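This is what each chain is made of:
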Amino acid sequence: MALAAGTPAPDFKLQVTPDQAVSLADFRGKPLILAFYPADWSPVCGDQMALYNEVLPEFRKFGAEILGISVDGVWCHLAFAKDRKLHFPLLADFEPKGGVAQKFGAYDNANGICERALFVLDGDGVIRWSYVSPIAINPGADGILEALEGLAGKGAH
Amino acid sequence: MSGHGLKPPVGPSDHVEGPADAPVTLVEYGDYQCPYCGEAYPIVKQVQKKLGAKLRFVFRNFPLAEAHPFATGAAEMAEAAGLQDKFWQMHDMLYEHQDALDPDSLVEHARHLHLDMAKLKTTLGSSAVAEHVRSDFMSGVRSGVNGTPSFFVNGVRFDGNWTDADEFAAALEAVANAV
């Protein structure tokens, strides 16, 4: 079961490039979207990461950042991000494999890949929305935007 | 997400083929440079033929601009042609020439369709068509579009198989009969 709304997100530190790691704490103070996904290089143009890349300006309107997370290694991520011209970081949940996804309840043990699981965290690192999509179905971006709107609405009160 | 619904519903700013009172409305979110949309193009034509007056078809733009550098320009050209009542002619032209969507080729297509070139230049220079394309794109995001092409049948995202015209038409017939 994926961690539910109201749960503080488990901290993590993952490589984003061969010599650079990011941790959850780096994103304190702004909404953060965590998008776990099964693998780089899925053979469709409108794949999940490509879609988020296109919607990135809308996420940024809410001051939000997005991180893609899969079990692929950093070199694979770099090649994939370059090929798809992605403008946000991909994190390698590579060693121990799927360790962070497991903490979030977003790991498919049978297949050894991350689930298609989405988490929207508030500026305090608390999960405010989560959703797990069937593995074959790209969940789109509408749920994320609604969650970000919910957060923004709360902040205004 | 489950229960993805079309937002906003089909309205006056949409490009529509088929009768307004058709029992089935098929909305496609598409990208002119996407090869899968190119595959869908003749299939949609066949489905339209099979269903006849039972089907209303609507096309909305969903250019994946980062992946497809010519997609936005092509979408804007189709919208600009629409302002000269030639949206569908341009739409068809673009899908039939997916290998020629660069700016020079787009101008050639416009000439071929006898668009008023002066008017076209003014239209493309204004922000109206770009806004229309962006607004289509955002409506797609809000509706749960998760790739191209994405189809909506009577307002609900269609996750079935569209790659086979017979199967796609049968699914739409079933909706028509249930209405």
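Refer to the preceding data block for the structure.
A few points on the structure.

Rules of the game
Residues numbered from 1 in each chain as written. Chains lettered and ligands numbered in written order. Predicted model: local features only at pLDDT ≥ 70, side-chain atom pairs only at ≥ 80, totals over all residues. Heavy atoms only, no water. Buried < 20%, exposed > 50% of the residue type's maximum accessible area, 1.4 Å probe, protein only. Helix = DSSP H or I, 4+ residues; strand = E, 2+ residues; numbered from the N terminus. Pairing = 2+ DSSP bridges. Contact = heavy atoms within 4.5 Å. Axes fitted to C-alpha atoms, helices over the stretch in contact; angles between N-to-C directions. Buried area = accessible area lost by both parts, 1.4 Å probe. Salt bridge = Lys/Arg side-chain N within 4 Å of Asp/Glu carboxyl O. Polar contact = N/O pair within 3.5 Å; in protein donor to acceptor, adjacent residues only side chain to side chain. Nonpolar A, V, L, I, M, F, W, Y, C, P; charged D, E, K, R; others polar. Phe/Tyr/Trp six-rings, centres within 6.5 Å; stacked < 30°, edge-to-face > 60°.

1. Looking at the pairing of strand β4 (residues 65–70) of chain A
Residue and element names in this part refer to chain A. With 6 of 6 residues buried, β4 is to be regarded as a mostly interior element. Because side chains alternate across β4, one face comprises the buried residues Glu65, Leu67 and Ile69, and the other comprises Ile66, Gly68 and Ser70, equally buried. The sheet contact formed by strand β3 (residues 32–36) and β4 spans 5 bridges and is parallel. Across the sheet, the residue bridging to Phe36 is Ile69, located in β4. Both β4 and strand β5 (residues 90–92) contribute to a ladder of 3 bridges, which runs parallel. When the bridges of β5 are listed, Ile69 appears paired with Leu91.

2. Quick notes on helix α3 (residues 87–96) of chain B
All names here are of chain B. In terms of burial, α3 is largely enclosed, as 8 of its 10 residues are buried. Among the residues of α3, those classed as buried are Phe87, Trp88, Met90, His91, Asp92, Met93, Leu94 and Tyr95. The secondary structure elements touched by the buried residues of α3 are β1 (15–17), β2 (24–30), α1 (35–51), β3 (55–61), α2 (71–82) and α4 (103–112).

3. Description of the sheet that holds β1(B)
Whether parallel or antiparallel, the strands of a sheet pair through hydrogen bonds between backbone atoms. Residue and element names in this part refer to chain B. Strand order across the open sheet formed by 5 strands is β1-β3-β2-β4-β5, with mixed pairing between neighbours. Strand pairing shows two members of the sheet lacking a second neighbour, β1 and β5 (156–158), which therefore form its edges. For this sheet the average axis-to-axis angle between neighbouring strands, irrespective of direction, equals 30°. Inspection of the sheet shows β2 paired to β3 by 7 bridges, in the parallel sense. What sits directly across from Leu26, in β3, is Phe57. Sheet contacts for helix α6 (residues 128–143): β1, β2, β3 and β4 (150–153); angle to β3, the most-contacted strand, approximately 110°.

4. Considerations on the interface of chain A and chain B
At the interface, 23 residues of chain A touch 26 residues of chain B. Across the chain A to chain B interface the summed buried area is about 1900 Å²; carbon plus sulfur atoms make up 54%. In this structure, the connection of chain A to chain B is made through 3 salt bridges. The partner of Glu149(A) in a salt bridge is Arg142(B), and the shortest N-O contact between them spans 2.7 Å. Our enumeration of links across chain A and chain B arrives at 6 residue pairs in polar contact (both at pLDDT 80 or more). Elements with a contribution of two residues or more to the side of chain A that touches chain B: α1 (48–61), β9 (127–133) and α4 (142–156) of chain A. Here the residues of the side of chain A that touches chain B sort into 11 nonpolar, 6 polar and 6 charged.

5. Description of the packing of aromatic side chains
Residue and element names in this part refer to chain B. Taken as a whole, this structure holds 20 aromatic pairs over all chains when the rule is applied. A ring pair is formed by Tyr29 and Phe62, whose centres lie 6.2 Å apart and whose planes are at 85°; its orientation type is edge-to-face. Of this pair, Tyr29 sits in strand β2 while Phe62 sits in the loop between β3 and α2, and the two are 33 residues apart along the sequence. Judged on exposure class, the residue Tyr29 and its partner Phe62 are both buried. Seen in terms of ring centroids, Tyr29 and Phe152 are 5.7 Å apart; in terms of plane orientation they differ by 75°. Their pairing is edge-to-face. Of this pair, Tyr29 sits in strand β2 while Phe152 sits in strand β4, and the two are 123 residues apart along the sequence. Note on Tyr29: relative accessible area 0%, which makes it buried.

Geometric values such as these leave the question of function open.
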